[in-house]
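Chain by chain, the residues:
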Number of protein chains: 2
Amino acid sequence: MYEGSATSTPAGRPLRADARRNYDRILDAAGSAIAQHGAEASLEDIARRAGVGSATLHRHFPSRQTLLEAVFRDRVQTLCATARDLAADLDPERALVAWLRAVAVHIASNRGLAASLMHGARDPARDTTCHALVVSAGDALLANARRAGAVRPDVAIIDLLKLANAVGLATEQEADGAAEAERLLMLSIDGVRPRGARATRTTR
Amino acid sequence: MYEGSATSTPAGRPLRADARRNYDRILDAAGSAIAQHGAEASLEDIARRAGVGSATLHRHFPSRQTLLEAVFRDRVQTLCATARDLAADLDPERALVAWLRAVAVHIASNRGLAASLMHGARDPARDTTCHALVVSAGDALLANARRAGAVRPDVAIIDLLKLANAVGLATEQEADGAAEAERLLMLSIDGVRPRGARATRTTR
DNA sequence: TGCCAAACGGGGTGGTCCTCCACATATGGT
DNA sequence: ACCATATGTGGAGGACCACCCCGTTTGGCA
């Protein structure tokens, strides 16, 4: 397990003490600002709350995406740990479903997380993006479930995550978003038809 | 069927000729701007393209939402007409599924439409919001399908629309968003499990 | 034709994101 | 203990944005 926050420059040199302090302050401020205003929170405002100049924020986090990734990284790591726990405790199908529920609920209740997860695959250089972390955690669960014959073979983890993400995103700004997200996700996992009814094979 | 575009003031008086001309120009400009830049297109830019002052745009459309609704209204009406056609031509289940696909594809390929449909229910005074139109069109299809026993009884049209909306929204900015949206929607309608497998009844 | 309410739009206000660069300071070598 | 310098800072400013005030223009009607 690596350090929670970035503590060194790309060249490997450790961050100067003041830089590190500002980095952490910005992360704190960003956390609460995003909780209040979602992923579109004003960067200017975040810098102000952190008590640093806006240039400092932009130096540490060149893009909004970078900041979002940093803010949510530990929460995402928790989610990945949950995946491992579930795989150990439950049968493959239940584990996968339970984890997808957890993902959807996290997205629905942490405003802005969706954006962070969705656009993560943009920069293939960094493989520790939230996106990559979640994909690999989910892949393990899906592999188990598929071996157990619990999911259709044409379903990829990326599909399921998109689904969980979509549902979370769409319910992000509802009153009780988490519960609603969970409901919708279960609906799409179970399917819309009554149990026992034959699925219509719609021609592509 | 009412006029496609608003042509009268709240008081019922008809719009002055120049006002009406500007209204239409803004709508045109907004259409192409939104197609290029999505729902977040710059209002200033739209006014510029339309050759009117920004104040004029704000007078006609007090909020971004108002503008989106106006831009998409006719496309949404087409969608509602499609619902009626499908109900006439196909059996209830196929009609519902085909229409939901159409909705998802529309959302995925008309950038910004999702926002328009989702937040439509904010202002209960106007009942001709895109949101309301789509809900009532879908309700008819769902009622048929339910009578035919083709959908679970605990599913409401609003759930299905949220699902279609979610999927469309999440795929809005992908390369081939429409196809991807369709695929994901079908996945969630058919369910994730292999055909024939018993669905796990997860306790609420 | 002349009137005037209705509609217009330039320009101001206060906000955003982001960059440049003159200045400050933490750090490692002496 | 001191100092040179790489490293980090943040105010100022440019480009853009939404939104509004208010003096000016114009369509429609008598």
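What counts, and at which threshold
Residues numbered from 1 in each chain as written. Chains lettered and ligands numbered in written order. Predicted model: local features only at pLDDT ≥ 70, side-chain atom pairs only at ≥ 80, totals over all residues. Heavy atoms only, no water. UniProt positions renumbered as here; feature names shortened; annotations may be inferred. Helix = DSSP H or I, 4+ residues; strand = E, 2+ residues; numbered from the N terminus. Expected span 1.5 Å × (residues − 1). Buried < 20%, exposed > 50% of the residue type's maximum accessible area, 1.4 Å probe, protein only. Contact = heavy atoms within 4.5 Å. Buried area = accessible area lost by both parts, 1.4 Å probe. Salt bridge = Lys/Arg side-chain N within 4 Å of Asp/Glu carboxyl O. Axes fitted to C-alpha atoms, helices over the stretch in contact; angles between N-to-C directions. Parallel < 35°, antiparallel > 145°, perpendicular 65-115°, else oblique. Phe/Tyr/Trp six-rings, centres within 6.5 Å; stacked < 30°, edge-to-face > 60°. Near = heavy atom within 4 Å. Polar contact = N/O pair within 3.5 Å; in protein donor to acceptor, adjacent residues only side chain to side chain. Least-squares fit on C-alpha atoms with pLDDT ≥ 70 in both.

As annotated in an unreviewed UniProt entry, chain A carries the name TetR/AcrR family transcriptional regulator and is attributed to Frankia nepalensis.

## A closer look at the UniProt feature "DNA-binding region" (unreviewed entry) in chain A
Taken from the UniProt record, the annotation "DNA-binding region" (unreviewed entry) applies to residues 42–61 of chain A. Segment residues 42–61 of chain A splits into 75% helix and 0% strand. End C-alpha atoms: 14 Å apart.

## Here we look at helix α9 (residues 177–190) of chain A
Residues and elements named next belong to chain A. In a regular helix each residue adds 1.5 Å, so 14 residues correspond to 20 Å; α9 covers 20 Å between its end C-alpha atoms and thus fits that length. Most of α9 is tucked away: 10 of the 14 residues are buried. Where α9 is concerned, the buried positions are G177, E180, A181, L184, L185, M186, L187, S188, I189 and D190. In the segment just after α9, G191 is the residue with positive phi, at about 95°.

## Section: the interface of chain A and chain B
In this assembly, 41 residues from chain A lie in contact with 41 residues from chain B. A buried area of about 4,100 Å², summed over both sides, lies between chain A and chain B, and 55% of it is on carbon and sulfur atoms. For the pair chain A and chain B, the interface holds 4 salt bridges. A salt bridge links B:K162 to A:E180; the shortest N-O distance between them is 2.7 Å.

## Points about the packing of helix α1 (residues 17–37) of chain A against helix α4 (residues 64–89) of chain A
Residue and element names in this part refer to chain A. It is the contact of α1 with α4, at a shortest axis distance of 10 Å, that shows an interaxial angle of 85°. Accordingly, the angle class assigned to the pair α1 and α4 is roughly perpendicular. On α4, the residues that touch Y23, I26, L27, A30, G31 and I34 of α1 are L67, L68, A70, V71 and F72.

## Some words on the pattern of salt bridges
Pairs can form between side chains of opposite charge whenever their charged atoms are close. According to the stated counting rule, one finds 22 salt bridges over all chains in the structure shown. Measuring nitrogen to oxygen at the nearest pair gives 3.8 Å for the salt bridge that ties B:R73 to B:E69. Within this pair, B:R73 and its partner B:E69 are both found in helix α4 (residues 64–89), separated by 4 residues, close to a single helical turn. Exposure remark for B:E69: the relative accessible area of 7% places this residue in the buried category. One continuous salt-bridge network, built from bridges that share partners, spans A:D159, A:K162, B:E180 and B:R183.

## So, the packing of aromatic side chains
Residue and element names in this part refer to chain A. Per the counting criterion, the structure on display carries 2 aromatic pairs over all chains. For the pair Y23 and F61, a centre-to-centre distance of 5.1 Å together with 35° between the ring planes defines the contact as tilted. Note that Y23 is positioned in helix α1 and F61 in the loop between α3 (54–60) and α4, a separation of 38 residues in sequence. Note on Y23: relative accessible area 8%, which makes it buried.

## Observations regarding the protein's contact with DNA strand D
Around DNA strand D, the surrounding shell holds 22 residues, and the nearest of these are A:R16, A:N22, A:R59, B:L43 and B:E44. Among atoms of DNA strand D positioned within 4 Å of the protein, sugar and phosphate together represent 65%. B:A17 is positioned such that a nitrogen or oxygen atom in its backbone is 3.0 Å from a phosphate oxygen of DNA strand D. Interatomic distance of 2.7 Å between a backbone N/O atom of B:L43 and a phosphate oxygen of DNA strand D. Elements with a minimum of two residues in the surface near DNA strand D: α1 and α3 of chain A together with α1 (17–37), α2 (43–50) and α3 (54–60) of chain B. Of all the elements, α3(A) adds the most residues to the surface near DNA strand D, at 4 residues.

## Topic: the relation of the copies chain A and chain B
Superposing chain A onto chain B takes a rotation of 180° combined with a translation of 0.0 Å along the rotation axis, leaving an RMSD of 0.1 Å. On the angle and the small slide along the axis, the relation comes out as a two-fold axis. The residues that chain A uses at the interface reappear at the interface of chain B in 100% of cases, marking a shared surface.

## Some details on the protein's contact with DNA strand C
Taken together, 23 residues form the shell around DNA strand C, and within it A:L43, A:E44, B:R16, B:N22 and B:R59 come nearest. Sugar and phosphate atoms represent 60% of those atoms of DNA strand C found within 4 Å of the protein. Interatomic distance of 2.6 Å between a side-chain N/O atom of B:R16 and a base nitrogen of DNA strand C. Within the side chain of B:H60, one N or O atom sits 3.4 Å away from a phosphate oxygen of DNA strand C. Per element, the largest residue contribution to the surface near DNA strand C is 5 residues, and it comes from α3(B).

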